[in-house]
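Chains, contacts and geometry: an overview
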Amino acid sequence: MTDIRSMYKTELKELMERLGQKSFRAGQIFKWLHASMADSYEEMTDLSKALRSEMAEKFPIYGARCVTHLKSSIDGTEKFLFALHDDNVIESVLMRYNHGNSVCISSQVGCRMGCAFCASTLEGCVRDLSASEMLAQVYSIQKISGERVSNVVVMGSGEPLDNYDNLIRFIKLLSDPDGLNISRRSITVSTCGLVPKIIELADEELAITLAVSLHAPNDEKRKALMPVAKKYSMDELLSSCRYYFEKTGRRVTFEYALVEGANDSREDAKELAKRLSGMNCHVNLIPVNPVEERDCKRPAAEACRAFAGALDKYGVNATVRRELGSDISASCGQLRRSYLN
Ligand code: SAH
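Thresholds, definitions, all that
Residues numbered from 1 in each chain as written. Predicted model: local features only at pLDDT ≥ 70, side-chain atom pairs only at ≥ 80, totals over all residues. Heavy atoms only, no water. Domains from an automatic or database assignment. Contact = heavy atoms within 4.5 Å. Buried area = accessible area lost by both parts, 1.4 Å probe. Salt bridge = Lys/Arg side-chain N within 4 Å of Asp/Glu carboxyl O. Phe/Tyr/Trp six-rings, centres within 6.5 Å; stacked < 30°, edge-to-face > 60°. Buried < 20%, exposed > 50% of the residue type's maximum accessible area, 1.4 Å probe, protein only. Helix = DSSP H or I, 4+ residues; strand = E, 2+ residues; numbered from the N terminus. Lys NZ or Arg CZ within 6 Å of the ring centre and 35° of its normal. Axes fitted to C-alpha atoms, helices over the stretch in contact; angles between N-to-C directions. Parallel < 35°, antiparallel > 145°, perpendicular 65-115°, else oblique. Left-handed = near helix turned anticlockwise from the far one by under 90°. Nonpolar A, V, L, I, M, F, W, Y, C, P; charged D, E, K, R; others polar.

Let's talk about the domain arrangement of the chain
As far as domains go, the chain holds domain 1 (4–58) and domain 2 (65–340). Across the boundary between the two partners, domain 1 contributes 13 residues, which contact 16 residues of domain 2. With both sides pooled, the region where domain 1 packs onto domain 2 buries about 1300 Å², and carbon together with sulfur makes up 55% of that total. At the boundary of domain 1 and domain 2, one finds four salt bridges. Of the charged contacts in the structure, one is a salt bridge between Asp 39 and Lys 143, with a shortest N-O distance of 2.9 Å.

Below you can see the structure in the form of structure tokens.
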């Protein structure tokens, strides 16, 4: 089945030609789908009625139906559960910052990476999301909130680089000047570290921001938290990050979830700083969000600050990330899980 909202303009043109339509119709439809974020052909009032009904019959627009919508009373963060056309559910988050609204989207239904602290991966990966399903999360949230989305982070459930082709399509469509026109610099993709894909992404020269989930100062500790570390060593991973910076000029962000007793000691900070020294990067420290099924404790706030301080002392840029939406299960996969149970 043709997924119309995942198509590039050039592909829409070919489709219009095949239907015996003028090719400028493609530009009109593209703007309806991506700038007006239309969920039905009925809205496309500059198309003939006949074309609208032909399109509706042949090329359904896959949207995302909001089934749960929660708003944090602490910081205004909003969490959404969306049902897809096949009734799978995914979650997305809207965060409000001084510099604008940021939407965190899922890239897969579930995840197959198996990280020890994460709720998204508990039942494996059900399927990849299409480009249109990633877009639908952003479009729906902008429509529901009535506020412009200025940043998009692919940091929800799923491993985006495990769904590479759909991810690239999503980024190109999201940043298209005839669509929502979100600047590539305002798009962040977070990966657990699929090295060959990081290199491929660098070569696309899309200049998006890359975030890499590191979570440990060495291979041994990383393997205990992240199965992907058995496949790629930290040396390989860090060299792919250097390559990313060389190709794009974009500073890489490292995510580091602090887990008590696993990766939060002063020695861990020192070892991490040594490995990252001289790299143009930033470390985001996230006190781990305890997940019921996982045996992970978050260190005290004081220990988190000390870890950041130690990194700083060794010349590595680090901040402890402010927690948003803690009253609405806002971290990875938690809300979807509570919905499914
Ligand atoms: N698969 C990608 C993106 C999804 S997860 C990745 O691994 O980067 C987004 C971030 O949240 C990752 O850094 C992930 O490791 C982290 N994360 C997952 N579960 C968490 C938890 N319980 N507490 C804190 N961070 C968590």
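A short note on the packing of aromatic side chains
Within the structure shown, the criterion is met by two aromatic pairs. The interplanar angle of 0° and the centroid separation of 5.8 Å between the aromatic rings of Phe 80 and Phe 82 together place this pair among those described as stacked. Exposure class is identical for Phe 80 and Phe 82. Each is buried. Ring centres of Tyr 256 and Phe 307 lie 5.1 Å apart, and the angle between their planes is 35°; on these two criteria the pair is classed as tilted. Here the residue Tyr 256 occupies a position in strand β10 (residues 252–258), and Phe 307 occupies one in helix α10 (residues 301–313), the gap between them amounting to 51 residues. A relative accessible area of 0% places Tyr 256 in the buried class. The aromatic ring of Phe 30 is capped on one face by Lys 9, whose charged end is 5.0 Å from the ring centroid. Stacked on the ring of Tyr 164, the Lys or Arg Lys 197 has its end atom at 4.8 Å from the ring centre.

Re the packing of helix α5 (residues 164–174) against helix α6 (residues 195–204)
Contact geometry for α5 and α6: axes closest at 12 Å, N-to-C directions at 30°. One finds that α5 runs roughly parallel with respect to α6. As for how α5 packs across α6, the hand of that crossing is right-handed. Taken together, the residues of α6 that come into contact with α5 (itself represented by Tyr 164, Ile 168 and Lys 172) are Lys 197, Glu 200, Leu 201 and Glu 204.

Here we look at unusual backbone geometry
Even without glycine at this site, Met 37 takes up a positive phi of about 55°. Mapped onto the secondary structure, Met 37 falls in the loop between α2 (24–34) and α3 (49–58). In the Ramachandran plot, Ala 207 falls in the positive-phi region, its phi being about 60° despite a non-glycine side chain. Relative to the helices and strands, Ala 207 resides in the loop between α6 and β9 (209–213). Residue classification places Ala 207 among the partly exposed residues on the basis of a relative accessible area of 24%.

Some words on the packing of α6 against helix α8 (residues 234–248)
Relative orientation of the contacting elements α6 and α8 amounts to 5°, with a least axis distance of 9 Å. Between α6 and α8, the angle is such that the two are roughly parallel. Along the contact surface, α6 presents Val 195, Ile 198, Ile 199, Leu 201, Ala 202 and Asp 203, while α8 presents Glu 236, Leu 237, Ser 240, Tyr 243, Tyr 244, Lys 247 and Thr 248. Classifying every residue of the contact of α6 with α8 gives eight nonpolar, two polar and three charged.

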